[in-house]
Every structure is written in structure tokens, then in C-alpha cells.
Amino acid sequence: MMVRYRSFIADSARWDGFDLRPTDIVISTPPKCGTTWTQMLCALLIFDGPEFPAPLNKLSVWVDQSIRPLSDVCALYAAQEHRRFIKTHTPLDGLPIRDDVSYVVVGRDPRDVMISMEHHLSNMDIERVLALRGQAVGNDDLATLPPPTHPSEDPAERFRTFVTTTVPGGPANLTGVLHHLNTAWQRRHEPNVVLCHYADYRTDLPAELQRLGAALGYDVPDERADQLAAEASLERMRSRADETAPNAQDIWRDHNAFFRAGGWGEWRSRVSDDDQAAYDAVVALNTTPDLAAWVHNGRLASGVDPGR
């Protein structure tokens, strides 16, 4: 039985009304772990270049997102004749799992996820989100769901909230990120599940594109991998922000700001030794040593290969 995840912006039960096809690619990531980056890599592989039949944000929309009617999402995907690559932020235990569908799950150091989410939320027009949600599914149930967050002015306190919050489907939190990645880690040796990592993308994007391609059935020579990876650079994606930022016409105050620097280690300035100890305790409770090493460092830096 699939777990249901609900928040003010998403409901995984929408998968009950979605028809998967053989060869579909489901991109399942915790928010701010490289979702759009992975969508771009999949598009470049599928179309063998940067010329797509529609903008990226219209080719691969978020199934679970409650700001558009499910019928519209299903119709968009049903009309696609190419290999589909489908966005979700639902962990694998909340998704229909089929042997003829590929599942791509992407990790990132949760502390960097926290920082990125702060910037993400500051760029989001929450009132616009709620208005769209009201039009799409109605807002009568909002009181029963985890509400949009109102973060503390204190950066250190925001870190502590991220560590101690455990609301499923609610605001981004450490336990939720680890749980999502663990649902994929448990399936990492299955041939249709591939785990990628934000840090590995940053270290060697052409090689990671080749690795992802091999898992999805694409043989990409070295020279072509370099060419395709160049189209997935932060600078190139920012230059196409109106096409690549999700819901670009709907909910962002600044489309370009969606593609910020993708920093690493920015969290260090706000974490005391005690806070780090509390963080480590939650990690130890929710992971194995190998999983923790991969989550925080990726495959290349940790030496832990998640199944491939």
C-alpha cells in the first residue's frame, strides 16, 4: 500500500489518477536536491540535444502539485508521444512501482537543502500559490494540512527547526529528506532505480550524464557528453529560465533567481557544535553509515557507489 504525502502544495494521492507507460522515467527528488537539473539531463538524453518540442517546464510538470487540476496534468502527459520524464517530490514508498518504469532519485547534503529552500521560499509568491490551489482543488482542507512556514529571523534557530521538525509532507526537514533518500537506497540494486547526487553533478557533469544515460538505455560518447553537459550548466539554464524554471509563469517573483549559485557549505556559519551533534543524532537514527556518507558527499567523494 502506498504512503500518502500531503501538504498545502502537493498531494501524492494524485498518482492514483495517473497512467504510467512502459519506458516512463519518474524523477523523484526531495525538493532542492537538483530536480530541474535532472529534468534537463533527461531531456537532453531523450531529445539528443537542447531543442525540445516544448519548454522544459511544460514537458515535465509536477504530478503531485495541487495548483493545477489533475485532469490538466494527465492530459498534458497523455498527449506526449516521446519518452516521458515525470517530476515528483514523493518518496518511492508513495509511488506506484513498476518494473517497466525507471526511477531516478537525487540526493544532496540536507544542510545545503535547507539553505536552498530558504532562498526558494523567499522567491515564491505564496498568495499566488494559494489562489491557484483554490482554483484547482479548493482550499477548504487547508486547516488539516501542515501550513506554509513562517521561519524565524534567527538563522541558527531555522537550522534547529529543520533538524527537529518531523512533519511528513510538511515543511522541508531533515527527517523527511533522509526518509525520501532511504526509500530509494533500499531499492538501489534494482535495475530500474538509479541514484544520482547533486555533488557528483557539480564534480563531473559529463560523466554523470553518461552514467544516468547508461541507466536509462542511452549510450553517450565522451565528446557528446561534454556537449550535452554544457547545455545543463547553471549559466545556460539561467539564460533559459522562462523555459526551465518550474511554473515559471505562475509563482516565482524572479525566474532567474530560481537558479541561484547552488552553494555548498553555507550552513557552516550558523551551526554550533551542539547543533551539529543534534543533527548527527538524527542522521544516525535514520540512516546507515554508507547511506549517510553518500547523502552528504555523493558517490565520487564518498567512494560509496549506490548500486551502479
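Residues numbered from 1 in each chain as written. Predicted model: local features only at pLDDT ≥ 70, side-chain atom pairs only at ≥ 80, totals over all residues. Heavy atoms only, no water.

Engineer: Hey, could you run me through the overall build of the chain in this one?
Structural biologist: The helix and strand tally for the chain stands at 14 helices and 4 strands. Counting over 308 residues, the chain shows a buried share of 52%. Relative to all contacts within the chain whose residues are 6 or more apart in sequence, the contacts with residues 24 or more apart total 75%. When the accessible area of the chain is evaluated, it comes to approximately 13500 Å², of which 51% is carbon and sulfur surface. (Helix = DSSP H or I, 4+ residues; strand = E, 2+ residues; numbered from the N terminus. Buried < 20%, exposed > 50% of the residue type's maximum accessible area, 1.4 Å probe, protein only. Contact = heavy atoms within 4.5 Å. Areas by Shrake-Rupley, 256 points an atom, 1.4 Å probe, with all protein chains shown as cover.)

Engineer: Looking at this model, I keep getting lost on the environment of Trp-267. Mind explaining?
Structural biologist: Inspection of the secondary structure puts Trp-267 in the loop between helix H12 (241–244) and helix H13 (273–286). Residue classification places Trp-267 among the buried positions, given a relative accessible area of 5%. Each C-alpha atom of the pair Trp-267 and Met-114 lies 8.2 Å from the other, and the pair is 153 residues apart in sequence. In this structure Trp-267 touches Asp-109, Arg-111, Asp-112, Met-114, Ile-115 and Gln-276, once residues within four positions along its chain are discounted.

Engineer: Looking at this structure, I do not really get the sheet that holds strand S2 (residues 85–88). What am I missing?
Structural biologist: Adjacent strands of a sheet pair through backbone hydrogen bonds, lying either parallel or antiparallel. If you trace the 4 strands from one edge of the open sheet to the other, you get S2-S1-S3-S4, paired in parallel fashion. Of all the strands in the sheet, the pair left with one neighbour each is S2 and strand S4 (193–197). With strand direction ignored, the average angle separating the axes of adjacent strands in the sheet is 25°. Inspection of the sheet shows strand S3 (residues 102–107) paired to S4 by 5 bridges, in the parallel sense. Bridge assignment links Tyr-103 to a residue of S4, and that residue is Val-193. On top of the sheet, helix H9 (residues 205–216) reaches strand S1 (25–28), S3 and S4; it is set at about 170° to S4, its chief contact. (Pairing = 2+ DSSP bridges. Axes fitted to C-alpha atoms, helices over the stretch in contact; angles between N-to-C directions.)

Engineer: Would you take a moment to explain the environment of Met-40 for this structure?
Structural biologist: Along the polypeptide, Met-40 turns up in helix H1 (residues 35–47). Put simply, Met-40 and Phe-85 are 45 residues apart on the chain and 9.8 Å apart in space, counted from C-alpha to C-alpha.

Engineer: Looking at this structure, how should I read the packing of helix H7 (residues 174–185) against helix H14 (residues 289–302)?
Structural biologist: The angle between the axes and the distance between the axes are what describe a pair of packed helices. Remark: H7 packs on H14, axes separated minimally by 11 Å, with the N-to-C direction vectors making an angle of 115°. Considering how the two elements wind past one another, H7 and H14 form a crossing that is right-handed. Contacts from Leu-178, Leu-181, Asn-182 and Trp-185 of H7 reach H14 at Asp-290, Leu-291, Trp-294 and Val-295. Partitioning the contact of H7 with H14 into residue classes produces 6 nonpolar, 1 polar and 1 charged. (Left-handed = near helix turned anticlockwise from the far one by under 90°. Nonpolar A, V, L, I, M, F, W, Y, C, P; charged D, E, K, R; others polar.)

Engineer: Would you mind going over the nonpolar core with me for this structure?
Structural biologist: Generally speaking, soluble globular proteins have nonpolar side chains that are buried together. With 40 residues, the main nonpolar core has Trp-15, Phe-18, Leu-20, Leu-174 and Trp-294 as its most contacted residues. At the level of secondary structure, the elements contributing two or more residues to this core comprise helix H3 (70–78), S3, helix H4 (110–123), helix H6 (155–164), H7, S4, H13 and H14. A total of 6 residues in this core trace back to one element, the largest contributor, which is H7. Listed in part, the 31 residues of the second largest apolar core include Tyr-198, Leu-205, Leu-209 and Leu-216. (Core = buried A, V, L, I, M, F, W, Y, C linked by side-chain atoms within 4.5 Å.)

Engineer: When you look at the packing of H9 against helix H10 (residues 222–231) in this model, what are you seeing that I'm missing?
Structural biologist: As a packed pair, H9 and H10 sit with axes 8 Å apart at the nearest point and diverge in direction by 110°. Compared by their axis directions, H9 and H10 come out roughly perpendicular. For the pair formed by H9 and H10, the contact residues are Leu-205, Pro-206, Leu-209 and Gln-210 on the first element and Asp-222, Ala-225, Asp-226, Leu-228 and Ala-229 on the second. (Parallel < 35°, antiparallel > 145°, perpendicular 65-115°, else oblique.)

Geometry only, nothing functional implied.
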